[in-house]
Each structure stands twice: as C-alpha cells, then as structure tokens.
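Per-entry structural report
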Amino acid sequence: MSWCAEAEALLARFGEDAHFCLSYMESVDSTNEEVKRRARQGGREGLVVVGEEQTAGKGRLGRSWKSPAGEALYFSFLLRPDIAPENWSMLTLVMGLAGAEAVRELTGLPARIKWPNDLVLGTKKICGILTEVLMDEGGPEGLVIGTGVNVNNRDFPAELRERATSLRLESGEEISRGRLLAHMLRAFRRFYAVFLVRGDMSALRDRYNEYLVSRGGEVRLETPAGAYTAVSLGIDGRGRLLVRRTTGETEAVSAGEVSVRGLYGYV
Ligand code: BTN
C-alpha cells in the first residue's frame, strides 16, 4: 500500500473519510496552488492535495520551500468556513496546534509551536504552514492551508542545518508519512470544530499556549513600525501574540516576523 493509501485507510478508520478527500500527486508545482486551481473549479471543503514532490514549493514571505521526493510530507487542504473572513487567518494557529498534537501522539516527540506558523523540536524547525486566502470577484471564497513537515529527512543543505531537523533525525526511527498525515488531519478536525463555535481561539488558547515555545522568553519582533525585543506572554483569544515590552507595556502583535531567543540561531 502506498503511503497515501495508508493515510486514506486510517482516515476511514478514524471516521474522517467523509470530511477529507485525498488526492495524491507524484509531482506538483505547489500543493497550495493545486488546491487553489481546484477550488476555482468548485472544489469542496476538505479537499486535500498531497504531493510526493513539489517543483515550486512556497514558503512564507515569498520564500521557496525545497520539496524533493521521498522523505518529507507536503499537503494542502481547502476550507470554506462559515465565519467572518477576518477570522480565517487564525486557522493557521489551529493547524499548528493540530500538528504539534499529532507529532506528539504518533512519535512521542515534544513538538512545540513557534507562533504563528512553525513547529519546532528543541531549537530547530520541523514544520512550516502557509495559509492563503482565495479571492474571487465576490470577495474571499475559501482558504488553503498548506503544511510541509520534515519527516524522514536524513540531512539538510548546509544553509539549513543549523535551523532545521526532521522527526527521523530526532527519534532515530522512520516515521510513516501516511500515518502522520491522517493523525494531523484528524487533530485538525477536532480543533476546527471547537474553533468554529466562537470563530476564534478563545477555547483553544490555553492548549495552544502550553505548546508555545517562546512563552516567558525573549522574542525579537520585526513589525512595520520597527524592530524591538520583548517578553512573550502567549496568545490571546484572537490569536495575537501578547508581549511585554521593556517599557512595561503589554502589546498584542498580529503580524510580523518574530524571532525567539535560542531558536534558529538567534542567541
Ligand atoms: C514556511 O515556513 O515558510 C511555510 C512553508 C509551507 C510549506 C508547505 S509544503 C505544502 C504547501 N505547499 C506549498 O507550496 N507550501 C506549503
């Protein structure tokens, strides 16, 4: 059985097959782009595109996401949530929470969340999430959540070695990509249902903050208004990162680059 068929079989066992419809591609430019194309042709919520390799994988802030075949997991799914579109971006956090729980559940590794969209083990990144809103003439019509996980990677290019690791490198064991995919999707659905009740992070906030790697530590924020350091206090119900500045003021940050002291070479 291919690893994606294993994910499908497991989703059926979890009773999640009615919600997620998996489509596996040997090669695709970007699973996010493929979901967007299919969404424009009427794709339904729960459509999942899984790529063995991506030839033009995308990271945040216009960066590329190297996506060779064979070791990592690349997938994107479509949502059409029936809540105000200004709340959709919080679903990145829901995916982060789901990813951390699924990695812990399946591997026992203590995955943590770097707000807003990375998962880390120790001081290195294992997963990135790229959320994109799909617009048509009538406004936002859907949301694509794309996730890349370093699963069985045995090595990384020199420029990433300091900042990236994989589940295999950390556990010493080969991890089934299919099982991880199914566990991530199941965890996402569980948290998505909770999220939809209020359309925000208020009911998930405590759980999220337990996994937040920066909590109580120093972060460096690069915002449109300038760069500064502060202490991270955790997210609020709107998914914003609360920080205490050196002046003593507490501020809620909703966007920008956040570096966490001790992570990815920031010392
Ligand atoms: C980041 O950390 O910069 C986000 C990386 C997101 C990568 C995933 S891989 C699957 C999906 N398809 C893409 O082109 N990007 C996302």
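Here's a quick rundown of the structure. If you're wondering where the values come from, they're calculated on a predicted model, not measured in any experiment. (Residues numbered from 1 in each chain as written. Predicted model: local features only at pLDDT ≥ 70, side-chain atom pairs only at ≥ 80, totals over all residues. Heavy atoms only, no water.)

1. Describing the site of the ligand
Taken together, 20 residues are adjacent to the ligand, and Ser 30, Gln 54, Lys 58, Arg 60 and Lys 125 come closest. Between the ligand and the protein, one listed contact pairs a nitrogen atom with a side-chain N or O atom of Thr 31 at 3.1 Å. When the ligand is considered free in solution it has 420 Å² of accessible area, and contact with the protein chains removes 98% of it. Taking a 2 Å distance to the grid points as the criterion, the majority of the atoms of the ligand fall inside the largest pocket. Listed by contribution, the elements that provide at least two residues to the shell around the ligand are α2 (31-40), β3 (73-79), β6 (124-136) and β7 (139-149). Considering each element in turn, the shell around the ligand owes the most residues, four residues, to β6. (Near = heavy atom within 4 Å. Polar contact = N/O pair within 3.5 Å; in protein donor to acceptor, adjacent residues only side chain to side chain. Areas by Shrake-Rupley, 256 points an atom, 1.4 Å probe, with all protein chains shown as cover. 1 Å grid on protein atoms, 1.4 Å probe; cavity = no way out; pocket = protein on both sides within 12 Å on 5 of 7 lines; lining within 4 Å. Sits in = over half its atoms within 2 Å of the grid points. Helix = DSSP H or I, 4+ residues; strand = E, 2+ residues; numbered from the N terminus.)

2. Structural notes on the pattern of salt bridges
Scanning the entire structure with this criterion turns up 22 salt bridges. One salt bridge in this structure joins Arg 186 and Glu 105, with 3.5 Å as the shortest N-O distance. With a gap of 81 residues between them, Arg 186 in helix α5 (residues 177-198) and Glu 105 in helix α3 (residues 91-107) connect regions that are remote in the sequence. Looking at Arg 186, the relative accessible area reads 23%, which means it is partly exposed. Glu 105 gets classed as partly exposed once you look at its relative accessible area, which sits at 36%. With a closest N to O distance of 3.7 Å, Glu 105 and Arg 190 form a salt bridge. One end of the pair, Glu 105, is in helix α3; the other, Arg 190, is in helix α5, with 85 residues separating them in the sequence. Beyond isolated ion pairs, a larger network of salt bridges with shared partners links Glu 101, Glu 105, Arg 186, Arg 190 and Arg 207. (Salt bridge = Lys/Arg side-chain N within 4 Å of Asp/Glu carboxyl O. Buried < 20%, exposed > 50% of the residue type's maximum accessible area, 1.4 Å probe, protein only.)

3. Considering the nonpolar core
Counting 69 residues, the largest nonpolar core has Leu 22, Phe 75, Leu 167 and Phe 188 as its most contacted members. If you tally residues by element for this core, the top one is α5, at ten residues. With sequence-adjacent residues up to four places away left out, Phe 75 is seen in contact with Thr 31, Val 48, Val 49, Val 50, Met 95, Ile 145, Gly 146, Thr 147, Leu 181, Met 184 and Leu 185. Grouped together as the second largest cluster of nonpolar side chains are nine residues, Met 25, Val 28, Val 49 and Leu 78 included. (Core = buried A, V, L, I, M, F, W, Y, C linked by side-chain atoms within 4.5 Å. Contact = heavy atoms within 4.5 Å.)

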